[in-house]
Amino acid sequence: MACPVKHLQLHLILLFALWDVCSMINSGMLFPRESSSREIKELNGLWSFRADLSPNRNLGFEQAWYKRRLAETGPVLDMPVPASYNDITQDPKLRDFIGWVWYDREVVVPSRWVADKNIRVVLRVGSAHYSSVVWVNGVKVTEHHGGHLPFEAEIGGVLRGDPTAPCRITIAVNNTLTLQTLPPGNIQYLNDPSRYPKGYFVQNTYFDFFNYAGIHRSVLLYTTPQTYVNDIAVVTDFADGLGAIAYDVAVSGSSNASLKVTLTDGEGRCVAAATGPKGVLKVVDATLWWPYLMHERPGFLYNMEVCLQVASARGEVLEDRYTLPVGIRTVKVTSTQFLINNKPFYFHGVNKHEDSDIRGKGFDWPLVVKDFNLMKWLGANSFRTSHYPYDEEILHMCDRHGIVVIDESPGVGIRDIRSFGNASLAHHLDVMGELVTRDKNHPSVVMWSVANEPASEMPPAGLYFETVIAHTKALDPTRPVTYVTNSNYARDKGAPFVDVICVNSYLSWYHDPGALEVISLQLNTQFEEWYGKYKKPIIQSEYGADVVPGLHSDPPVMFSEEYQVMVLRSYHEVFDQKRKQYVIGELIWNFADFMTAQGVTRVVGNKKGIFTRQRQPKAGAYTLRERYWRIANETGLLPPWTKYPCSQLRSP
């Protein structure tokens, strides 16, 4: 019989090996949290706004709008932050605007933040789409390229340069997409003077959602001491009831700081402690982090408080405290299974979008909470962040509720061969670095997705995705990596490098439209071909059909609610056969209807949602709810109060 102590020691050796790699990603993008040493001031609300309507979209830089109040440069609008600007006004030019827009706001900074030179003052933008430049009182403090991840700058020096001046923050945002951005796009000038005005251009994109723009997530100021906890990386494991959390703390501002790390449970009781910047917290009788519907206590989190102390030049003891929620869980992949805490996990979930009426992609707490209630009502245990990283607040919700996440980069629509060049690759690697750095400690995040539906059959795709996937695994060797494909299995150049095959297919919709009878045969063939070639577990990462809400037809025809139900049921019959073998998940496209660019194939957006854009259920939602709860109940792990009898699940 194996010795439990030796078994645990082996786990810890492996843990330390992973922990050494984690030290590579300490780059200082901790989620802002208040503590006895840190304060936060939110800057959400109304900002002054002006679009640069000049022909070259460069007038704001030529006239240096950042040097004075935006209202002094010309007409401005009130613009809410966070929100996309596109649907806020009645102006169609602004809805479809491409180019630089400008925001500014004067804020009151607490005087002690400015007076005390031991305080760092940091300006943080949760995300702005796509490229951004930021000034404080006319001084450029940072710029950022990428529309879905946070960026920040320390501004204490600027504020202390003139402590009597108000703090004026100016942010210029440009939503132009090029062949080197993620997602890619290109600007096309239409020069026929008999058909188009002078200088007329359009933004071409290669994805099926609206190119919303603006400041989409919270803007805030926060403080830390000058010597502070810059980043934390954790890796968890368990054996024989003993949990282990390997941690690595990066400190900035001093090399002489002392660190104490304390782990408390949900009731505030200390369960482990350690000292020093690196170590392992051992938790006796550890409570594991489990997914929703996989355990009667899903989403359990410990709190890991890092207390930093350092002596000042005057002999005072200065302190910084930061608390990180931590879930103890493991993730492994075999040739046929996805394991969480060594138990088979089956993804029955959804694809989503950050999208809603008026707000566009702007973060909105009521919408987030509503969506989580709907997912839990549905019996969904997972979702993919299609097709870009979501607000980190959403990942915190997933951590707490036990909702499993496939965390996807904005690498959607890489369809042009010129987007596989060195410049595109370098940017893709940077984006994956930012994504992993931000989300590495979330227990809900179980897999990275580096792209969605790229032209993976093109010759450059193999080396490109081999490089991106290897880079991602080097950043985080504890999670599997995938990308989502819709190419032919035999020609897919990137599939050899992924850990899980994720396949999108729309049988009887984009292929053989209206032919429900072909779904079973074609889906069986799809699975057998992919598994036969690569011997890796498969997730059906997208499937579905558009529905005009309230449209009914018997026999079912395309766009009717009945047709969507029949498509779902036809897919589900095959899923039930293959999930006994190597299919490890199914994610419906889509959770809710969402806006797209105008076109002859879209009537006010994509209608494949099982909920409307206003979050009202279609018939397909009840079909999916019945299925998801039935799958969850098959595990036998659910407490009685969650075992919904099928008679309570209405399905048309």
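Figured I'd write up the structure that's included with this text.

Parameters at a glance
Residues numbered from 1 in each chain as written. Predicted model: local features only at pLDDT ≥ 70, side-chain atom pairs only at ≥ 80, totals over all residues. Heavy atoms only, no water. Patch = residues over 30% accessible without salt bridge, like charges linked within 9 Å, V, L, I, M, F, W, Y side chains within 5 Å. Areas by Shrake-Rupley, 256 points an atom, 1.4 Å probe, with all protein chains shown as cover. Salt bridge = Lys/Arg side-chain N within 4 Å of Asp/Glu carboxyl O. Helix = DSSP H or I, 4+ residues; strand = E, 2+ residues; numbered from the N terminus. Buried < 20%, exposed > 50% of the residue type's maximum accessible area, 1.4 Å probe, protein only. Core = buried A, V, L, I, M, F, W, Y, C linked by side-chain atoms within 4.5 Å. Contact = heavy atoms within 4.5 Å. Polar contact = N/O pair within 3.5 Å; in protein donor to acceptor, adjacent residues only side chain to side chain. Pairing = 2+ DSSP bridges. Axes fitted to C-alpha atoms, helices over the stretch in contact; angles between N-to-C directions.

Let's talk about a nonpolar patch on the surface
1) Next: The grouping of Val 548, Leu 551 and Phe 559 at the surface amounts to a nonpolar patch, some 220 Å² of accessible area in total.
2) Next: Residue placement: Val 548 occurs in the loop between β31 (538-542) and α11 (561-578).
3) Next: Of the residues examined, Val 548 reaches a relative accessible area of 39% and is grouped as partly exposed.

What to know about the nonpolar core
1) Next: Membership of the largest hydrophobic core comes to 86 residues, with the highest contact counts inside it found for Phe 383, Val 450 and Phe 465.
2) Next: Here Val 450 is in contact with Ser 409, Gly 411, His 428, Met 432, Phe 465, Val 468, Ile 469, Thr 472, Val 481, Thr 482 and Tyr 483, once residues within four sequence places are set aside.
3) Next: With 47 residues, the next largest nonpolar core counts Leu 263, Phe 300, Val 404 and Val 446 among its residues.

Considerations on the pattern of salt bridges
1) Next: Enumeration according to the criterion identifies 35 salt bridges in this entry.
2) Next: Of the charged contacts, one joins Arg 321 and Glu 305 as a salt bridge, the two residues approaching to 2.9 Å between their closest N and O atoms. Residue Arg 321 is located in strand β21 (residues 317-326), and its partner Glu 305 is located in strand β20 (residues 302-311); the two are separated by 16 residues in the primary sequence.

Side note on the side chain of His 348
1) Next: Among the structural elements, His 348 can be located in strand β25 (residues 347-351).
2) Next: When its relative accessible area of 3% is taken as the criterion, His 348 is described as buried.
3) Next: There is a polar contact of 2.9 Å between the side chain of His 348 and the backbone oxygen of Gly 379.
4) Next: Setting aside its immediate chain neighbours within four residues, His 348 contacts Leu 293, Gly 379, Ala 380, Asn 381, Ser 382, Glu 586, Tyr 628, Ile 631 and Ala 632.

Observations regarding the sheet that holds strand β15 (residues 228-239)
Picture the strands of a sheet paired through backbone hydrogen bonds; they go either parallel or antiparallel.
1) Next: The strand order across the open sheet built from three strands is β15-β16-β19, with neighbouring strands paired in antiparallel fashion. Among the strands making up the open sheet, the edge pair consists of β15 and β19 (278-283). Going across the sheet, the axis of each strand differs from the next one's by a mean of 20°, ignoring polarity.

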